[in-house]
Each structure stands twice: as structure tokens, then as C-alpha cells.
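Chain residues, written in single-letter form:
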Amino acid sequence: MRVYQTKEFARFARKERLSIKALLQAAADVAQGQFNADLGGGVFKQRVARSGAGKSGGYRSILLFKSGRHTFFA
């Protein structure tokens, strides 16, 4: 699976010091069917854990998921 970020999301992730590991884990969770909300059409809402905190205190992100091959963070 390939994981991409929009320019705005990449800027946000850098600023908030989101780890690549946390983003890849969120993408893997969506691929396994573990997500917070299915918004339809391959669009999912998923929480990404902050460093030092869990998912409940983390960031909410939108993922565009296409058949397990490509995932985009928006």
C-alpha cells in the first residue's frame, strides 16, 4: 500500500510533529476495516494518536482510500 499526503496535510503533520509511524498505522487500520467513520465513496475519518497520548486525545484526519492500494491523507 502506498500512502500519500496533500501539501496542506504534510505541512500540518510537520508542524504538529506527527510521526510517519502513526500515519502508517492509521492507514493500516483503515485497510483492516478499523476506522472511526465511513463517509462513503472511499472517504474515511480516522483518529491519529498524538505522541505521548492515545487516539482519543489525538488528531482527526480524513483518509481517501482506494481498494487497499493507495491512501491519501487530506
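Summary of the structure given here. (Residues numbered from 1 in each chain as written. Predicted model: local features only at pLDDT ≥ 70, side-chain atom pairs only at ≥ 80, totals over all residues. Heavy atoms only, no water.)

### A few points about a nonpolar patch on the surface
Step number 1: A cluster of nonpolar side chains, contributed by Tyr4, Leu64 and Phe72, occupies part of the molecular surface with about 240 Å² of accessible area.
Step number 2: Along the chain, the position of phenylalanine 72 falls in strand β5 (residues 70–73).
Step number 3: Overall, phenylalanine 72 belongs to the partly exposed group, its relative accessible area being 36%. (Patch = residues over 30% accessible without salt bridge, like charges linked within 9 Å, V, L, I, M, F, W, Y side chains within 5 Å. Areas by Shrake-Rupley, 256 points an atom, 1.4 Å probe, with all protein chains shown as cover. Salt bridge = Lys/Arg side-chain N within 4 Å of Asp/Glu carboxyl O. Helix = DSSP H or I, 4+ residues; strand = E, 2+ residues; numbered from the N terminus. Buried < 20%, exposed > 50% of the residue type's maximum accessible area, 1.4 Å probe, protein only.)

### Here's the deal with helix α1 (residues 7–16)
Step number 1: Every buried residue belonging to α1 is among Phe9, Ala10 and Ala13, and all of these are buried. Burial along α1 is one-sided: seen end-on, the buried residues are contained in an arc of 100 degrees. What points out from α1, more than 90 degrees from its buried face, is the exposed set Lys7, Glu8, Arg14 and Lys15.
Step number 2: Packed against the buried residues of α1 are β1 (2–5), α2 (20–31), β4 (59–66) and β5. (Arc of directions from axis to C-beta. Contact = heavy atoms within 4.5 Å.)

### Some thoughts on α2
Step number 1: Taking 1.5 Å per residue, 12 residues should reach 16 Å; α2 reaches 17 Å between its end C-alpha atoms and fits that length.
Step number 2: Of the positions making up α2, those classed as buried are Ala22, Leu23, Ala26, Ala27, Asp29 and Val30. Mapping the buried residues of α2 onto a view down its axis gives an arc of 155 degrees, with all of them on the same face. α2 presents Ile20 and Lys21 as exposed residues on the side facing more than 90 degrees away from its buried surface.
Step number 3: On its buried face, α2 is in contact with β1, α1, β3 (43–48), β4 and β5. (Expected span 1.5 Å × (residues − 1).)

### Quick notes on the pairing of β4
Step number 1: Residues Tyr59, Ser61, Leu63 and Phe65 line the buried face of β4, whereas the alternating positions Arg60, Ile62, Leu64 and Lys66 sit on a face that is not buried.
Step number 2: As paired strands, β3 and β4 are joined by six bridges and run antiparallel to one another. For valine 43, the partnering residue across the bridge sits in β4 and is leucine 64.
Step number 3: The sheet contact formed by β4 and β5 spans four bridges and is antiparallel. Directly across from phenylalanine 65, in β5, lies its bridge partner threonine 71. (Pairing = 2+ DSSP bridges.)

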